[in-house]
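Residue-level listing of the chains:
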Amino acid sequence: MPGVRVRFAPSPTGPLHIGGARSALFNWLFARRHGGTFVLRIEDTDLERSTRSSEENILASLRWLGLDWDEGVEVGGPHGPYRQTQRLELYRGYARRLLEAGIAYHCYCTEEELAAERADLMARGELPRYLGRCRDLCQAEKARLEREGRRPAVRFKVPADQTVVVDDLVRGEVSFECSGIGDFIIVKSDGIPTYNFAVVVDDHCMEISHVIRAEEHLSNTPRQVLLYRALGWPLPEFAHVSLILGKDRSKMSKRHGATSIEQYMEMGYLPEALVNFLALLGWSPGGEEEVLSLDQIREQFSLDRVAKNPAVFDLDKLNWLNGYYIRQSSPERLADLAVPYLQREGLLPREISPDRRRWVEMMVSLLKDYLNNMSEIVRRADVFFAETVDPVDGEALEVMRQAEVPAVLGRMRDKLKAASGVDEESVKKMLKELGRELGLGGKKVFMPLRVAITGQVHGPDLHRIIPILGAERTARRLERALTAAGR
Ligand code: GLU
């Protein structure tokens, strides 16, 4: 597809959320799929709520997800500046053009007057909208209002009795009656453009070919279409991606858990898991395979496969995908990810020796099967850091009541004490010998040892646990369990 130019245009009023990240991802995928350009524009015209720290958070989250942009803040480009507050003159110029053409007018209404009009319409069961009080003010009236100290906003004249049809690439044709819209403000009295106006000017000036964004903005689109027409500009294609709902089918919100990308990063979700998960929120691959890398998704991505119906945020699915990517990761990477969590808990020192580092690699390689996210390493690794362990539940206690327990624990302790060091092979050998010597089958040997060593009935193989714990510490745990068994 020639000339594809798309953009992600976040308002920096908070961190990057799941929904925003999904919009960014879809735009990025579309650009990369079609050899197009991905633009990152910052829509910071809400002066009170926009902050540089939110902007930084958004950019950092995008980069962490592996999304890059060809034009925009920080990287620059031929259509800059890419922050709306640095483009105010441009919007004012186009507003003047609409004023001169008589398609826009100055409106002097105060907040109180507008609120009264809205309340009045609502009381009559009508759509709240601006009824055009300032549409036809004469010069004398304007002068009088200005003498009162009123500063005008610029309003766009919505043509009466028209229907705007938006031909949306996801939703199909959607019609809007102009009668329900009402003249809307394009530049506020403080000279700052409103979203609908700035977005049209920028999308046009930045030569955006496809506007891919969340469904929330579908209701803004007829206003934007009217502005394109008034300015004599060609329309971009529109694609509105469906809402994201929680599992209870209400709109995704904080109630449903973490909503920002940063929170997922901090909990130890891997970027490739999140990207894979986000792509499946509304888009579906052609085949059955849902575990897909960013490259694989990019090769397949098309707007045809973006669903109209809402996407459901399923944390179990994210956990499953994340677990998958964790298991695929190298011991080195897992250790890099795990160490900060363990340090934060005071389980590891700030400086880690090469030996200790190798030990962490062994431990995370063992525990990776049990992790939904990397922060869970703290709880899972506890058994390797604790001085002592006790049976965690009734089932574990029951195991320790069996008659052969003292013999199993005692003999294993002796074997470990006699060994100079242990590795997986030597532990396997010890366990086999132990079974043979005592004439006991697998479970009778493994269960009491596992409970004595980890406190639990279930868990990784003993021949993998014991070398990590070390012969000496394991022997001490067996000793303690023997004493506790009182035999
Ligand atoms: N600044 C808008 C937002 O963050 C962008 C909407 C659009 O993509 O047009 O919701």
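Residues numbered from 1 in each chain as written. Predicted model: local features only at pLDDT ≥ 70, side-chain atom pairs only at ≥ 80, totals over all residues. Heavy atoms only, no water.

K.L.:
Would you mind going over the site of the ligand with me for this structure?
P.N.:
Neighbouring the ligand are R7, A9, P10, S11, E43, Y195, V199, R213 and H217. Take Y195: an N or O atom from its side chain is 2.6 Å from an oxygen atom of the ligand. In the model, an oxygen atom of the ligand is placed 2.9 Å from a nitrogen or oxygen of the R213 side chain. Its free accessible area being 300 Å², the ligand has 80% of it covered by the protein chains. In this structure, the ligand is accommodated by the largest pocket. Counted by class, the shell around the ligand contains four nonpolar, two polar and three charged residues. (Near = heavy atom within 4 Å. Polar contact = N/O pair within 3.5 Å; in protein donor to acceptor, adjacent residues only side chain to side chain. Areas by Shrake-Rupley, 256 points an atom, 1.4 Å probe, with all protein chains shown as cover. 1 Å grid on protein atoms, 1.4 Å probe; cavity = no way out; pocket = protein on both sides within 12 Å on 5 of 7 lines; lining within 4 Å. Sits in = over half its atoms within 2 Å of the grid points. Nonpolar A, V, L, I, M, F, W, Y, C, P; charged D, E, K, R; others polar.)

K.L.:
When you look at the sheet that holds strand 5 (residues 153-156) in this model, what are you seeing that I'm missing?
P.N.:
If you trace the three strands from one edge of the open sheet to the other, you get 4-5-8, paired in antiparallel fashion. One side of each edge strand has no neighbouring strand; the edge strands of this open sheet are strand 4 (104-107) and strand 8 (184-187). Sheet twist, expressed as the mean angle between neighbouring strand axes with direction ignored, is 45 degrees. Examined bridge by bridge, strand 5 and strand 8 share three bridges and lie antiparallel to one another. Bridging across to strand 8, V154 finds its partner in V187. (Pairing = 2+ DSSP bridges. Helix = DSSP H or I, 4+ residues; strand = E, 2+ residues; numbered from the N terminus. Axes fitted to C-alpha atoms, helices over the stretch in contact; angles between N-to-C directions.)

K.L.:
I keep staring at the environment of Q343 and nothing clicks. Help me out?
P.N.:
With respect to the helices and strands, Q343 occurs in helix 12 (residues 331-344). Counting along the chain gives 325 residues from Q343 to I18, while the straight-line C-alpha distance between them is 28 Å. With near-sequence residues (within four places) excluded, Q343 lies in contact with L348, P349, R350 and I352. (Contact = heavy atoms within 4.5 Å.)

K.L.:
Hey, could you run me through unusual backbone geometry in this one?
P.N.:
Where the residue is not glycine, phi is negative for most of them; where a peptide bond is considered, it is trans in most cases. The amide bond that connects G80 to the next residue, P81, takes the cis arrangement and shows omega of -5 degrees. By the secondary structure assignment, P81 is in the loop between strand 3 (71-72) and helix 3 (88-100). In this structure, E207 is a non-glycine residue whose phi angle is positive, near 55 degrees. Mapped onto the secondary structure, E207 falls in the loop between helix 6 (195-205) and strand 9 (210-214). Residue R249 is not a glycine yet carries a positive backbone phi of 70 degrees. Assessed through its relative accessible area of 54%, R249 is described here as exposed. (Buried < 20%, exposed > 50% of the residue type's maximum accessible area, 1.4 Å probe, protein only.)

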